[in-house]
Amino acid sequence: MKENLISDTLDRPLRDLRISVIDRCNFRCQYCMPAEIYGPDFAFLPKSELLTYEELERVATIFVYLGVEKIRLTGGEPLLRNDLPVLVNKLAKIENLRDIGLTTNGIFLKKQAKNLKEAGLKRVNVSLDSLNDDLFGKINGRNIGVKPVLEGIDAARNVGLGVKINMVIKKGLNESEIVSMADYCKANHIQLRFIEYMDVGNTNGWRMNEVITKKEIYQILKEHYLLEPVDPDYFGEVAKRYRYQDTNDEVGFITSVSESFCSSCTRARLSADGILYTCLFNGNGHNLKGLIRSGASDSEMAKWIADIWTMRKDRYSDERTIETALNRKKIEMSYIGG
């Protein structure tokens, strides 16, 4: 197929696709999968409802035809999906796909990093919200310490995968860990991303007064480091990046709450059961799996996706108010990934 690049109603091109490969996770982080909601009897998706690797390969190829250059695999915890390197290898063979990444809690990276790298994975984003064992165990809801995550990070770096650490900051929980995480990442030359606590989904009990903004985090860091801003590498880059002065080490901020970036959002999201979403905060998805399994051709699917994207108007973070944040129906983070 010849490339058919598309843009939405706000002239935002389709460049990134985030694919959730599974809705299950071995953690129960409060801001994502609180244990009181996702208990032992919670009904996760049956295997038959998940898109197969062959279906995902086909869908990804069509998205690349429409302009996607980067794919990120998410969950849930994506490394809970059996034989994930098989999918990575299929995606790596798609012509014109420039980058394949993975967001993970890192627990299984030690075991799987080598196979993922050999399959064609380029980089991983590891979620790590504290370096303190007790606090980290409290945050992840499973009393799991930091050691297996750090070992996973080391394994990923040792096989040549790019590594970034994602740290969600929630007031009253882990703001005291900001400097220690920055120290660790700077000493180990790992890119760090501070993420504002977001109102994703309807089960995490989000409140605006629990948000530590980018400005507040930046002021804390300024007491310890000299920082200088870094220009974006490309249109749609999410993180606002800074460099530690006189080094090549960087820290970034994901500012969905305090400094929205809707105007340059180029990301589509696909749930594990094949529902297409055009915004992380939009609870209304489009049933791509139904189209796939009804026998639609590639050209029919391409037109269907293009029609949805070209009509896209999402700009939730621009329009967020306390009322909409608390009352709007939204998809859960664990279902669609970050």
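Look above for the structure.
Thresholds, definitions, all that
Residues take numbers from 1 onward in each chain, read along the sequence in its written order. In keeping with the model being predicted, local features are shown solely for residues with a pLDDT of at least 70 and side-chain atom pairs are shown and tallied solely at 80 or more, while totals for entire chains, interfaces and linings include all residues. As a convention, hydrogens and water are excluded, and side-chain values are obtained from all of the structure's heavy atoms. Helix and strand assignments follow DSSP, with helices taken as H or I runs no shorter than four residues and strands as E runs no shorter than two, numbered in order from the N terminus. Radius of gyration: C-alpha atoms only; globule rule: 2.2 Å multiplied by the number of residues to the exponent 0.38. Using a 1.4 Å probe on the protein chains alone, a residue whose accessible area is under 20% of its type maximum counts as buried, one over 50% counts as exposed, and one in between counts as partly exposed. In what follows, a contact means two residues having at least one pair of non-hydrogen atoms within 4.5 Å. Positive charges are assigned to Lys and Arg, negative charges to Asp and Glu, while His and the chain termini are left out of the count. Working definition for charges: the position is that of NZ of Lys, CZ of Arg, CG of Asp or CD of Glu. N or O atoms closer than or at 3.5 Å make up a polar contact, with two conditions inside protein: a donor-capable atom paired with an acceptor-capable one, and, for residues adjacent in sequence, both atoms drawn from side chains. Being paired, for any two strands, means DSSP has found at least two bridges between them. For every element, the axis is a line fit to its C-alpha atoms; helices are fit only across the contacting stretch, and the angle between N-to-C directions ranges from 0 to 180 degrees.

A. Summary view of the overall build of the protein. On a plain count of helices and strands, the protein comes out with 12 helices and 12 strands. The globule rule puts the C-alpha radius of gyration for 338 residues at 20 Å, and the 19 Å found for the protein is close to it. Along the first, second and third principal axes, the C-alpha set of the protein runs to 55 × 45 × 40 Å. Of all 338 residues assigned to the protein, the portion counted as buried reaches 57%. Across the protein, the fraction of contacts at a sequence separation of at least 24, relative to all contacts at a separation of at least 6, is 72%. Looking at charge distribution, the protein has the averaged site of its 48 positive side-chain charges lying 2 Å from that of its 47 negative ones.

B. How the structure looks around the side chain of Thr104. Considering the arrangement of structural elements, one finds Thr104 in strand E3 (residues 99–104). For Thr104, a relative accessible area of 2% corresponds to the buried category. At 2.9 Å, the side chain of Thr104 and the side chain of Glu77 are in polar contact. Those residues within four positions of Thr104 in sequence are excluded, and the remaining contacts are Glu77, Leu79, Leu109, Asn125, Val126 and Ser127.

C. How the structure looks around the sheet that holds strand E9 (residues 250–254). One open sheet accounts for 12 strands, arranged E7-E8-E9-E6-E5-E4-E3-E2-E1-E10-E11-E12; its pairing is mixed. Strand pairing shows two members of the sheet lacking a second neighbour, strand E7 (227–229) and strand E12 (286–287), which therefore form its edges. Seen against the sheet, helix H5 (residues 147–158) touches strand E4 (123–127) and strand E5 (162–169) and runs at an angle of roughly 150° to E5.

D. Summary view of unusual backbone geometry. Here Gly75 and Gly76 are connected by a cis peptide whose omega angle stands at 10°. The phi dihedral of Asp83 falls on the positive side, at around 55°, and the residue is not glycine. Structurally, the position occupied by Asp83 is in the loop between strand E2 (70–74) and helix H2 (84–92). Phi is positive for Asn96, close to 80°, though the residue is something other than glycine. Along the chain, Asn96 falls in the loop between H2 and E3.

This is a description of form; function is not addressed.
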